[in-house]
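So you can see what is in the structure, the chains are spelled out below.
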Amino acid sequence: MTGLGAVFRPQLPPERLREVARAAEESGLEELWLWEDCFLEGGVSTAAAALAWTERLRVGIGLLPVPLRNVAVTAMEAASLERMFPGRAVLTVGHGVQDWMGQVGARAASPLTLLGEHLDALRALLRGERVSVSGRYVRLDDVALDWPPERPLGVLAGATGPRTLRLAGQKADGVLLTASTPPDGVRQARRIIDEARREAGLGGPYRLVVNLLAATGPDAAARLRAELVAEGLESVPDLGIAGDAAAVAAAVRRLAEAGADTVVLQPTGGEPDPEGFVRFAAREVRPLVP
């Protein structure tokens, strides 16, 4: 079964999150995803609040920029969420937007090296291991979590380019693709990841999550086009969907057929009814997605 979720965009004020999370829970939505975009809302604080306000809903953080965090802090936060809300928090880490990283004095000369070192150390700490490492960016001296997760906690990596996709395939438990990824891009990402994992001798489950820009309602097409134009993506074929539940579900199925395990519906920045959007995803789109 293809997983289905929706995004709470941080362009909304954080005080709106409670009602959106409750609407997602009440409507039966499987996952609500949050962003940590500079300089809007914190990913861990909002995820913890959404988890506390709900009982069943899974909450994804997509994503935490690794230049902003010491890996031990990332591990402490992730382990705490998992122990308080077992099986409900989904953690994603990634490069972050390089211009934003530069604004806060955290831009790395080699983002790929930093992400690889962070993933290796983070996953080891979350396995309960005692870690000492002296890398280019990550340095730990005899560090172990006092409260590691009681069960395995997978870590996803955000990726776009082929080098990061290969790294994510070999060092993460899954990958998160942005809404700028059409079905052909999902297919290519799955191929790169599968190849990287075969080369590394890795097997087992690997989760591919992709965001899908979606709009519904009377002005859906205009809102979708405005967002694509603003992002400079209007010329990319098969990107985003505007229409009713049948149209959105068909777009979800196309991404699933291309290799996505979970599709997360991303509303446009001008979405007039965030609570209604998550209900639409759960009550109207979900029944049409096998």
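Structure: above.
Cut-offs used in this document
Residues numbered from 1 in each chain as written. Predicted model: local features only at pLDDT ≥ 70, side-chain atom pairs only at ≥ 80, totals over all residues. Heavy atoms only, no water. Helix = DSSP H or I, 4+ residues; strand = E, 2+ residues; numbered from the N terminus. Rg over C-alpha atoms; globule rule 2.2 N^0.38 Å. Buried < 20%, exposed > 50% of the residue type's maximum accessible area, 1.4 Å probe, protein only. Contact = heavy atoms within 4.5 Å. Core = buried A, V, L, I, M, F, W, Y, C linked by side-chain atoms within 4.5 Å. Salt bridge = Lys/Arg side-chain N within 4 Å of Asp/Glu carboxyl O. Arc of directions from axis to C-beta. Patch = residues over 30% accessible without salt bridge, like charges linked within 9 Å, V, L, I, M, F, W, Y side chains within 5 Å. Areas by Shrake-Rupley, 256 points an atom, 1.4 Å probe, with all protein chains shown as cover. Pairing = 2+ DSSP bridges. Right-handed = clockwise from strand over helix to strand, strands pointing away.

What follows covers the overall build of the chain. Per the secondary structure count, the chain includes 10 helices and 11 strands. Computed over C-alpha atoms, the radius of gyration of the chain comes to 18 Å, within 12% of the 19 Å expected from 2.2 N^0.38 for 290 residues, which places it in the range of a compact globule. Here the chain, with 290 residues, has 55% of them falling under the buried criterion. Of all intrachain contacts in the chain linking residues separated by at least 6 positions in sequence, the fraction that spans at least 24 positions is 74%.

Burial of nonpolar side chains together is a common tendency in soluble globular proteins. Membership of the largest hydrophobic core comes to 82 residues, with the highest contact counts inside it found for L32, L126, V175, L265 and V285. At nine residues, the largest contribution of residues to this core is made by helix α5 (residues 111-126). Formed by eight residues, the second largest nonpolar core is a distinct cluster that contains W33, L156, L176 and V209.

Our next topic: the pattern of salt bridges. Inspection of the entire model under this criterion finds 19 salt bridges. E36 is the salt-bridge partner of R69, the closest N and O atoms lying 2.8 Å from each other. Of the two residues, R69 sits in the loop between β3 (58-65) and α3 (71-84) while E36 sits in the loop between β2 (31-34) and α2 (43-53), which places them 33 residues apart along the sequence. Assigned by exposure class, R69 and E36 land together as buried. Because the salt bridges share partners, they merge into one network encompassing E31, R58 and R207.

Every α-helix carries 3.6 residues per turn, so stepping three or four residues along brings you back to the same face. Taken together, the buried positions of α2 are G43, V44, T46, A47, A50 and L51. The arc enclosing the buried residues of α2, seen along the axis, measures out at 165 degrees, which places them on a common side. Projecting away from the buried face of α2 at angles above 90 degrees are the exposed residues S45 and A52.

A surface patch of nonpolar side chains, about 270 Å² in accessible area, is lined by F39, L68 and V104. By the element assignment, F39 lies in the loop between β2 and α2. A residue is classified by how much of its surface remains accessible, and F39, at 52% relative accessible area, is exposed.

A large share of β3 lies buried, amounting to seven of its eight residues. With four bridges connecting them, β2 and β3 associate as parallel partners. Within β3, the residue paired with L32 across the bridge is V59. In this fold, β2 hands off to α2, which returns the chain to β3; that crossover is right-handed. Here β3 pairs with strand β4 (residues 89-94) via five bridges, running parallel.

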